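What follows is each chain in one-letter form.
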Amino acid sequence: MAQRIAAIHSSIRATSIDLELKHDGKGDTAYVVIEFIEGLIETYPGLQYLDGFPEVKVVLRADVSGEKYDKVAVISGGGSGHEPAHAGFVGEGMLTAAICGDVFTSPNVDSIVAGIRAVTGPMGCLLIVKNYTGDRLNFGLAAEQAKSEGYKVEMVIVGDDCALPPPRGIAGRRGLAGTILVHKVAGAAAACGLPLADVAAEAKRASEMVGTMGVALSVCTLPGQVTSDRLGPGKMELGLGIHGEPGAAVADLQPVDVVVSHVLKEILSSETNYVPITRGSRVVLLINGLGATPLMELMIIAGKAVPGLQLEHGLAVDRVYTGSLMTSLDMAGFSISVMKADQAILDRLDAPTKAPNWPVGAAGNRPPAKIPVPLPPPHSIQSDKTLSRPEKLSSLGHILEAAIEAAATELVNLRDNLNEWDSKVGDGDCGSTMFRGAVAILEDMKKYYPLNDPAETVNEIGSSIRRVMGGTSGILYDIFCKAAYAKLKADSELVITALHWADALEAAIAAVSKYGGARAGYRTLLDALIPALSALKERLSAGDNPVDAFIISAEAAVAGAESTKHMQAQAGRSTYIPGDVLASIPDPGAMAAAAWYRAAALAIKEKYNTS
């Protein structure tokens, strides 16, 4: 079994790399997602997509128009690479729309808001979100934006992971394949015409009834990247997520019945009490393939799991669903989800649906042609202000230009190092994510940045980041820029001094901490920026030359980033990584923050020395 899976994995790995090289060869996976969506809607007649590529990647029911839709819209989504989740579960009786991020990257706020506008009518919409920081932030801010436009919005967060004992810092339990069962329950409830509060209540109850644990026999391959070799021959990982991050433990390969027995015991453990399932309960079983596991082997797992639940745990198994439903690219492995069931939940699971990848299948006639649905406008349309690069730069404009160019260039050069660190403590794409943002900043600066206006320039940097980065890093840096912009804007009538920049940095850090939940010592980018702020304010208060103060604060940022090697992660995906792995690797996000901050400070010093 393991040898056959390895051969399949090798073949798919080559295919995923070829997909990437047919585009620009720069590690940008956006094209992969776009072409997936194009193929998906050509295959399934009931699906459509919004005409907002490449930034907006939304799959929706072809028969739903938001203004006229008379039921609650159910929307979910997340990073791509988990197909058929989430777009494959769009259809009558299940999801109304799915928002697709780049590979393993949360979708951006603009995409989510566009999806809400496209399918939400007077009954409102429910957002079903897997418990990852980036998904919570992006969907949460999108919900607030939609509410401000007059939409009714509720959100249910699913954290069904049973592999890691509490506490998990502020990150909590990951959202895994059990989310699909929540989709089905909510979609069926919405199809019955229930009001938003009732649909949300049923989804929340379903999310509290399900537990999941995953097992991997290989590491997945991100498009355009080399597969990590962290999992040696004859080994498997227990308790992993769906983003390529390491599992909770590495063990020798064991017979399938031993592995299945262990997984079921972890899910049903009375010590963690993650799911309210006791002897005599009725349950639903979901056997999910992670991408490269043949259906034959998934059926073998199902054949071991059902009697295990019945004989070892005294449970009545009412339904079994088997298939590759929420994958991790080309990973060889599986996850098991167990949901406590009653007749109400069974009725929702049995209700008809036209979602193409729900195990029941889909019906419908293929229309003669498929064209994109127009991207819906906001409820309140305001003319955007037009900004452009000034023909002549002021002295401050030249300094800003030099600092921004140096910071972005440093992130471009650091891409591979950041990816390497992140492959060991995260999902391996930190460098690629920062690279996309940096390239967009360099390109947009030539056309749009009003460099003579510091506040508006910072705001435009946030817009560039929001357009291309996505995920946790993208939304946090967008929040960072918005808060700094607001602080600088308040001082717009004054000459911007080094102290104003320090105040703006302080406001930005406070905003990131507020919305992201992290603080000093949590092993995040704040562990680079907080020491930098402290050193900067200290040196400015002491009367140091502002340029020297920035250089000293940059050294503090670098030292702070390096110190993350000795921290236990309490935020982000690193919270799922064993401490002995973290001890040798600095936090990639902190290293990226220190790198751009130091590059900007050095550029400012050089500009002053030559002017």
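Every value quoted in this text rests on a predicted model; they were computed, and no experiment measured them.

Student: Can you walk me through the overall build of the protein in this structure?
Tutor: On a plain count of helices and strands, the protein comes out with 19 helices and 12 strands. At 25 Å, the protein has a C-alpha radius of gyration in line with the 25 Å of a compact globule built from 611 residues. C-alpha atoms of the protein, sized along the principal axes, occupy 80 × 55 × 45 Å. Evaluated residue by residue, the protein yields a buried proportion of 57% over its 611 residues. Of the contacts formed within the protein by residues at least 6 apart in sequence, a portion of 75% connects residues at least 24 apart.

Student: Explanation requested: the packing of helix H11 (residues 415–425) against helix H12 (residues 430–445) in the structure shown.
Tutor: Helix-helix packing is characterised by the crossing angle of the two axes and by the distance between the axes. Relative orientation of the contacting elements H11 and H12 amounts to 145°, with a least axis distance of 6 Å. Residues Arg415, Leu418, Asn419 and Asp422 of H11 touch H12, and the partners they reach there are Cys430, Gly431, Ser432, Met434 and Phe435.

Student: Please explain the nonpolar core as it appears in this structure.
Tutor: Ranked by internal contacts, the top residues of the largest apolar core, which has 98 residues, are Leu127, Trp596 and Tyr597. If you look at the next biggest cluster of nonpolar residues, it comprises 91 residues, including Val103, Leu196, Cys220 and Leu264.

Student: I would appreciate a short explanation of the pairing of strand S4 (residues 97–103) in the present structure.
Tutor: Across a regular strand the side chains alternate sides, sitting on one face of the sheet and then on the other. Across the 7 residues that make up S4, a large majority, 7, are buried. Bridge count for strand S3 (residues 73–80) against S4 is 5 bridges, and the pairing is parallel. Bridge pairing links serine 76 to alanine 98 in S4.

Student: Just checking my understanding: could you explain unusual backbone geometry for this structure?
Tutor: The bulk of non-glycine residues show a negative phi, and the bulk of peptide bonds are trans. At the junction of glutamate 83 and proline 84, the peptide bond is cis and its omega measures out at 15° in the coordinates. Inspection of the secondary structure puts proline 84 in the loop between S3 and S4. Following alanine 85, the chain continues into histidine 86 via a peptide bond in cis, with omega recorded as 5°. Phi angles above zero are rare outside glycine, and phenylalanine 104 is one such case at about 60°. If you trace the backbone, phenylalanine 104 turns up in the loop between S4 and helix H3 (109–119). For leucine 329, which is not a glycine, the phi torsion comes out positive at approximately 55°.

Student: What should I look at first to understand the pattern of salt bridges in this one?
Tutor: Two side chains that carry opposite charge are able to pair once their charged atoms sit near each other. For the structure shown, the criterion picks out 27 salt bridges. Two residues, lysine 71 and aspartate 70, come together in a salt bridge whose shortest N-O distance is 3.9 Å. According to the relative accessible area criterion, lysine 71 is partly exposed, its value standing at 24%. Measuring nitrogen to oxygen at the nearest pair gives 2.5 Å for the salt bridge that ties aspartate 252 to lysine 235. Of this pair, aspartate 252 sits in strand S9 (residues 249–252) while lysine 235 sits in strand S8 (residues 235–238), and the two are 17 residues apart along the sequence. With relative accessibility at 42%, the residue aspartate 252 sits in the partly exposed group.

Student: Can you walk me through helix H8 (residues 295–312) in this structure?
Tutor: The periodicity of an α-helix, 3.6 residues per turn, causes residues three or four places apart in sequence to face the same way. Taking 1.5 Å per residue as the helical rise, H8 with its 18 residues ought to reach 26 Å, and the 25 Å between its terminal C-alpha atoms agrees with that figure. Inspection of H8 places Glu297, Leu298, Ile301, Ala302, Ala305, Val306, Gly308 and Leu309 among the buried residues, and these make up the whole buried set. Looking at the residues trailing H8, positive phi occurs at glycine 314, about 65°.

Student: Could you clarify how one ought to interpret the confidence of the model for the protein in this entry?
Tutor: For the protein, the mean per-residue pLDDT works out to 88, and 91% of the residues sit at or above 70. Counting contacts from residues 1–27, a segment whose pLDDT is below 50, to residues more than four positions away or on other chains yields 43 contacts.

Student: In this structure, what is going on with the side chain of aspartate 422? I would like to understand it.
Tutor: Tracing the sequence through the fold places aspartate 422 in helix H11. Residue aspartate 422 is classed as buried on the basis of its relative accessible area, which comes to 8%.

Student: Looking at this structure, how should I read the pairing of strand S6 (residues 153–158)?
Tutor: Where strand S5 (residues 125–130) and S6 come together, 6 bridges link them in parallel fashion. The residue of S6 that forms the bridge with lysine 130 is valine 158.

Student: Help me out: how do you make sense of the packing of helix H15 (residues 498–516) against helix H16 (residues 526–541) in this one?
Tutor: Direction vectors running N to C along H15 and H16 enclose 150°, while the axes themselves pass 10 Å from each other. Between H15 and H16, the interaxial angle falls into the category roughly antiparallel. You can see that H15 and H16 cross each other, and the crossing is left-handed. Residue-level inspection shows Ala498, Leu499, Ala502, Asp503, Leu505, Glu506, Ile509, Val512 and Ser513 of H15 in contact with H16, the latter providing Leu526, Leu529, Ile530, Leu533, Leu536, Lys537 and Leu540. Considered class by class, the residues forming the contact of H15 with H16 number 12 nonpolar, 1 polar and 3 charged.

Student: Teacher, can you tell me more about the packing of aromatic side chains here?
Tutor: Ring pairs (aromatic) are described by centroid distance and by the angle formed between their planes. Across all of its chains, the model carries 5 aromatic pairs by this definition. Considering the side-chain rings of tyrosine 477 and phenylalanine 480, the 6.1 Å spacing of their centres and the 65° angle between planes classify their relative orientation as edge-to-face. In this pair, tyrosine 477 and phenylalanine 480 both sit in helix H14 (residues 471–490), 3 residues apart, roughly one turn of the helix. Like tyrosine 477, the residue phenylalanine 480 is buried in the burial classification. Between the aromatic rings of phenylalanine 480 and tryptophan 596, the centroid separation amounts to 6.2 Å while the plane-to-plane angle is 75°, which identifies the pairing as edge-to-face. In this pair, phenylalanine 480 sits in helix H14 while tryptophan 596 sits in helix H19 (residues 588–610), placing the two residues 116 residues apart along the sequence. There is no split in this pair, since phenylalanine 480 and tryptophan 596 are both buried. Here the aromatic residues Tyr477, Phe480, Trp596 and Tyr597 are joined through ring pairs into a cluster of three or more.

Student: Looking at this structure, I do not really get the sheet that holds strand S1 (residues 47–49). What am I missing?
Tutor: Remark on secondary structure: sheet strands pair via backbone hydrogen bonds, oriented parallel or antiparallel. Strand order across the open sheet formed by 6 strands is S1-S2-S4-S3-S5-S6, with mixed pairing between neighbours. Only two strands of the sheet have a single partner each, and these edge strands are S1 and S6. Shown here is a sheet whose adjacent strand axes are inclined to one another by a mean of 25°, direction ignored. One ladder, built from 3 bridges, connects strand S2 (residues 58–61) with S4; its direction is antiparallel. Among the inter-strand pairings, valine 58 is bridged to a residue of S4, identified as isoleucine 99.

What counts, and at which threshold
Residues numbered from 1 in each chain as written. Predicted model: local features only at pLDDT ≥ 70, side-chain atom pairs only at ≥ 80, totals over all residues. Heavy atoms only, no water. Helix = DSSP H or I, 4+ residues; strand = E, 2+ residues; numbered from the N terminus. Rg over C-alpha atoms; globule rule 2.2 N^0.38 Å. Buried < 20%, exposed > 50% of the residue type's maximum accessible area, 1.4 Å probe, protein only. Contact = heavy atoms within 4.5 Å. Axes fitted to C-alpha atoms, helices over the stretch in contact; angles between N-to-C directions. Core = buried A, V, L, I, M, F, W, Y, C linked by side-chain atoms within 4.5 Å. Pairing = 2+ DSSP bridges. Salt bridge = Lys/Arg side-chain N within 4 Å of Asp/Glu carboxyl O. Expected span 1.5 Å × (residues − 1). pLDDT = per-residue confidence, 0-100. Parallel < 35°, antiparallel > 145°, perpendicular 65-115°, else oblique. Left-handed = near helix turned anticlockwise from the far one by under 90°. Nonpolar A, V, L, I, M, F, W, Y, C, P; charged D, E, K, R; others polar. Phe/Tyr/Trp six-rings, centres within 6.5 Å; stacked < 30°, edge-to-face > 60°.

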